[in-house]
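Coordinate analysis (summary)
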Amino acid sequence: MEMFLMALCISVFGLGVAAAAFGAATRSESSGSAVQPQIPVVKAVAPTRFFSDSVVVPPVVVARRVPIEALLLQIENHVRMEQAAAEVFIAFPTQARLHSKTTSPFVN
Amino acid sequence: MNHELLNGLSSAEAERVLGLGTRLIVPSGTSLFQLGDSADRLFLTERGRIRLTLPIQVRGREEDVFVEERSPGQTVGWSALIPPYRFTLTATASLHEAEVIALPREALREYLAANPAAGYRIALNLAVVIGHRLQLFQTMWLREMQRTVEMRSV
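These figures come from a predicted structure and were not determined experimentally.

So, on to the overall build of chain B. If you tally the helices and strands in chain B, you get three helices and eight strands. Put simply, chain B runs from its N terminus to its C terminus through helices and strands in the order α-β-β-β-β-β-β-β-β-α-α. With respect to the principal axes defined by its C-alpha atoms, chain B has extents near 60 × 30 × 25 Å. Expressed as a percentage of the 154 residues in chain B, the buried residues total 25%.

Moving on to the packing of helix α3 (residues 68-91) of chain A against helix α3 (residues 116-153) of chain B. Helix packing geometry: the angle between the two helix axes and the distance between the axes. Interhelical geometry of α3 of chain A versus α3 of chain B gives an angle of 115° and a closest axis separation of 9 Å. One way to sum up the angle between α3 of chain A and α3 of chain B is to call them roughly perpendicular. The element α3 of chain A and its partner α3 of chain B pack so that their crossing is right-handed. Taken together, the residues of α3 of chain B that come into contact with α3 of chain A (itself represented by Glu82, Gln83, Ala85, Ala86, Phe89 and Ile90 of chain A) are Gln135, Leu136, Thr139, Met140 and Arg143 of chain B. Each residue belonging to the contact of α3 of chain A with α3 of chain B can be placed in one class, and the counts come to six nonpolar, three polar and two charged.

Once that is clear, we can look at the interface of chain A and chain B. Of the residues lining the interface, 16 residues belong to chain A; the matching set on chain B comes to 17 residues. Per-element accounting of the side of chain A that touches chain B gives the leading share, twelve residues, to α3 of chain A.

Before going further, it helps to examine the confidence of the model for chain A. For chain A, per-residue confidence averages 69 on the pLDDT scale, and residues scoring 70 or more make up 41% of the total. The low-confidence segment residues 28-48 of chain A (pLDDT under 50) makes one contact with residues lying over four places distant or belonging to another chain.

All names here are of chain B. If you look at the biggest cluster of nonpolar residues, it comprises 26 residues, and the most contacted ones within it are Leu32, Phe43, Ile50, Ala91 and Val100. When residues of this core are traced back to their parent elements, those giving at least two are α1 (11-18), β2 (31-33), β3 (41-47), β4 (50-58), β7 (90-93) and β8 (98-104). In terms of residue count, the dominant contributor to this core is β8 (four residues). Beyond its immediate stretch of four places on either side in the chain, Ile50 contacts Leu32, Thr45, Glu69, Arg70, Val76, Ala91, Ala93, Ser94 and Ala98.

Residue placement: Gln135 of chain B occurs in helix α3. C-alpha of Gln135 of chain B to C-alpha of Ile56 of chain B: the two residues are 79 residues apart in sequence and 22 Å apart in space.

All names here are of chain B. The sheet contact formed by β4 and strand β5 (residues 61-70) spans nine bridges and is antiparallel. Bridge pairing links Leu54 to Val65 in β5. Here β4 folds back onto β5 in antiparallel fashion, the turn holding two residues, of which Arg59 has a positive phi close to 50°. Both β4 and β7 contribute to a ladder of four bridges, which runs antiparallel. Note that in β7 the partner of Leu52 across the bridge is Ala91.

With that settled, consider the sheet that holds strand β6 (residues 75-76) of chain B. Residues and elements named next belong to chain B. Taken in spatial order, the four strands make up an open sheet running β1-β8-β3-β6, and their pairing is antiparallel. The sheet is open, and its two borders are formed by β1 (22-26) and β6, each paired with just one other strand. In this sheet, β8 lies alongside β1 in antiparallel orientation, the contact comprising five bridges. Residue pairing for β8: Leu24 is matched across the bridge by Val100.

What follows is about the sheet that holds β7 of chain B. Hydrogen bonding along the main chain pairs the strands of a sheet, whether they run parallel or antiparallel. If you trace the four strands from one edge of the open sheet to the other, you get β2-β7-β4-β5 (chain B), paired in antiparallel fashion. Each having just a single partner strand, β2 and β5 of chain B make up the two edges of the open sheet. The mean angle between the axes of side-by-side strands here comes to 40°, regardless of whether they run parallel or antiparallel. Note that β2 of chain B and β7 of chain B share two bridges and pair antiparallel. Residue Ser31 of chain B lies in a different strand from β7 of chain B, and its bridge partner there is Thr92 of chain B. Along the sheet face, α3 of chain A touches β4 and β5 of chain B and points at about 35° away from the line of β5 of chain B.

Parameters at a glance
Numbering of residues starts from 1 in every chain and runs along the sequence as written. Whichever chain is written first becomes A and whichever ligand is written first becomes 1, with later ones labelled in order. Residues qualify for local features only when their pLDDT is at least 70, as the model is predicted, and side-chain atom pairs are given and counted only at 80 or more; totals for whole chains, interfaces and linings, by contrast, use all residues. By the criteria applied, helices consist of DSSP H or I runs no shorter than four residues and strands consist of E runs no shorter than two, each listed in order from the N terminus. Exposed residues have 12 or fewer other C-beta atoms within 10 Å of their own C-beta, buried residues have 20 or more, and partly exposed residues fall in between, where C-beta atoms are placed from the backbone. To get an axis, a line is fitted to the C-alpha atoms, and for a helix only the part in contact is used. The angle between two axes follows their N-to-C directions and goes from 0 to 180 degrees. Orientation labels follow simple angle bins: below 35 degrees gives roughly parallel, above 145 gives roughly antiparallel, 65 to 115 gives roughly perpendicular, and whatever is left gives oblique. When the near helix sits turned anticlockwise from the far one by under a right angle, the crossing is termed left-handed; a clockwise turn instead gives a right-handed crossing. For every residue pair, C-beta atoms are placed from the backbone, and the pair is scored as a contact if these atoms sit within 7 Å. Each residue is assigned to one class: nonpolar for Ala, Val, Leu, Ile, Met, Phe, Trp, Tyr, Cys and Pro, charged for Asp, Glu, Lys and Arg, and polar for all the others, Gly among them. Scored between 0 and 100, pLDDT is the confidence that the predictor attaches to each residue. For the purposes of this analysis, a nonpolar core is taken to be any set of buried Ala, Val, Leu, Ile, Met, Phe, Trp, Tyr and Cys residues that are connected through C-beta atoms within 7 Å. Whether two strands pair depends on DSSP finding at least two bridges between them.

Here it is, written out as structure tokens:
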């Protein structure tokens, strides 16, 4: 009999706790929706590509807002810097000079 | 003026070769030749700078992109001596007007055939010019390939 009463008490207590938790959860949900700003839906911009899991965006694409004249100037400076690097390699060819890192902002 | 194409020739020989040509003034921004044009003349730069460009697509527009610049003494348009005799770049005078000596292919070939010693020197000089361009762009191409490989390996 004592065991039965103990089990009954524990069950009633558990039910109470569950009811309180449910009430708290539903309250916070309804009040939260009134305060929080709506999260804009972000659309995927990258096109679907076959055989490609990770699409690397080249720096040129990132710099799309650069005026075209400035972009052409960047390309010219890049070509000049690469020619200078190539001239250094041709004058004294080593693997280190061939693969020396460029400081050209066009590709960095 | 020492022209790279005439290195090793006596001054008299060099004068004779230059005498085959015509002096041209190229105003700033004016093209000397366009990509795809028939290449019947070779040019020796006397004054100013000649920009060599190639068209590429930039944001859907065709733009001439800088490839190389030739200074006084340097040779422009060696496609005139190499089949199929079509220019593979566009050449334009840079910020200031340029002056070049235009050597007609046929006149030059006739002179070189009649003067084998001078022809030998000029052929060697031309090989140096073409070889340097090849080495330069081979190196630049490899460096770009290396960057592409590194980008794709990330």
